[in-house]
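Reading the structure
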Amino acid sequence: MGEPEYESVVLVKQEVFVYKIPPRQSNRSYRAADWNLLDPIWTGRLRMVAKGRSLCVKLEDKTNGTLFANCPIESYPGVAIEAVSDSSRYFVLRIQDGNGRTAFIGLGFGDRSDSFDMNVALQDHFKWVKNEEKIEKEKVEPKQQLDLGFKEGETIKINMKITKKDGSEASSRLTGKKTGAGGLLPPPPGGNKISPPQASSPSHQPAASSTAAGGQTEWGEFTSAGVQSTTADAAAATPSKTNANWVQF
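Throughout what follows, the structure given in this document is the object of discussion. (Residues numbered from 1 in each chain as written. Predicted model: local features only at pLDDT ≥ 70, side-chain atom pairs only at ≥ 80, totals over all residues. Heavy atoms only, no water.)

Below, the discussion takes up the sheet that holds strand β3 (residues 54-60). The seven strands are arranged β4-β3-β2-β1-β7-β6-β5 in an open sheet whose pairing can be described as antiparallel. Where the open sheet ends on each side, the last strands, each with one partner, are β4 (67-73) and β5 (81-83). Looking at each pair of strands side by side, their axes are set apart by 35° on average, direction ignored. Examined bridge by bridge, strand β2 (residues 42-51) and β3 share seven bridges and lie antiparallel to one another. In the strand pairing of β3, methionine 48 is matched with valine 57. Contacts from helix α1 (residues 112-140) reach β1 (7-19), β2, β3, β4, β5, β6 (90-96) and β7 (102-109) within the one sheet, and its direction differs from that of β1 by about 145°. (Pairing = 2+ DSSP bridges. Helix = DSSP H or I, 4+ residues; strand = E, 2+ residues; numbered from the N terminus. Axes fitted to C-alpha atoms, helices over the stretch in contact; angles between N-to-C directions. Contact = heavy atoms within 4.5 Å.)

See the structure below:
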């Protein structure tokens, strides 16, 4: 057994007017101007009651609550309740008795805000019914699960950029080229090659170039001392002929 359904009052308006309306002659909309608006056939209270997904409008005596008419509403907008074409305060209701017999009456409100409240209550109820039906349908027929797995042979390509400490960006894609031995980069192409140092002649002395430059520089004293020391060492050397393979400094 399911849960019992309870009645809930959706809307109450303490004063409404009921009119006798002429039969509909064509497919055109109802017009409140065709009714005798100054002479309603009944005045009383309106209660809109919901029980589960069903909704009905009850017209009752506002003193003792005696039921005057009942209007079951299956959908809105629909044939059970219809707005007129020339006013927002008047509607046509299809009332129904206990034996299933139906009739159409005119319903009017004294204030436009009352008719607006009834429109909002009708829309809210049937919006809730639609959501409930959608939830039940999803329980019976669950949504198809998306297959996010890779198909056979399917690959993806990711290109990431890594930011260095100096703020520049470098691509994370690695290449197959290798650098020079020891991890050092090879020299740039087309650069000038540095010649190896040539051996100095025995007669070349640093002091001579310093003196030829004109005057004694700030290293003059150290240079002269180095020349005298070199001359004394050369005189004390035992071999008179130097080996061609040795270079004097």
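Assignment of secondary structure puts threonine 43 in strand β2. Threonine 43 sits 25 residues away from phenylalanine 68 along the chain, and the two C-alpha atoms are 9.9 Å apart. Ignoring anything within four residues of it in the chain, the contact list for threonine 43 reads Glu15, Val16 and Phe17.

Before going further, it helps to spend a moment on the pattern of salt bridges. As enumerated under the stated definition, the model contains 10 salt bridges in all. Here glutamate 15 and lysine 62 are joined by a salt bridge, their closest N and O atoms 3.9 Å apart. Of this pair, glutamate 15 sits in strand β1 while lysine 62 sits in the loop between β3 and β4, and the two are 47 residues apart along the sequence. A residue is classified by how much of its surface remains accessible, and lysine 62, at 42% relative accessible area, is partly exposed. Residues arginine 28 and aspartate 34 are paired through a salt bridge, measuring 3.6 Å at the closest nitrogen-oxygen approach. The network of salt bridges with common partners includes Lys13, Asp114 and Asp117. (Salt bridge = Lys/Arg side-chain N within 4 Å of Asp/Glu carboxyl O. Buried < 20%, exposed > 50% of the residue type's maximum accessible area, 1.4 Å probe, protein only.)

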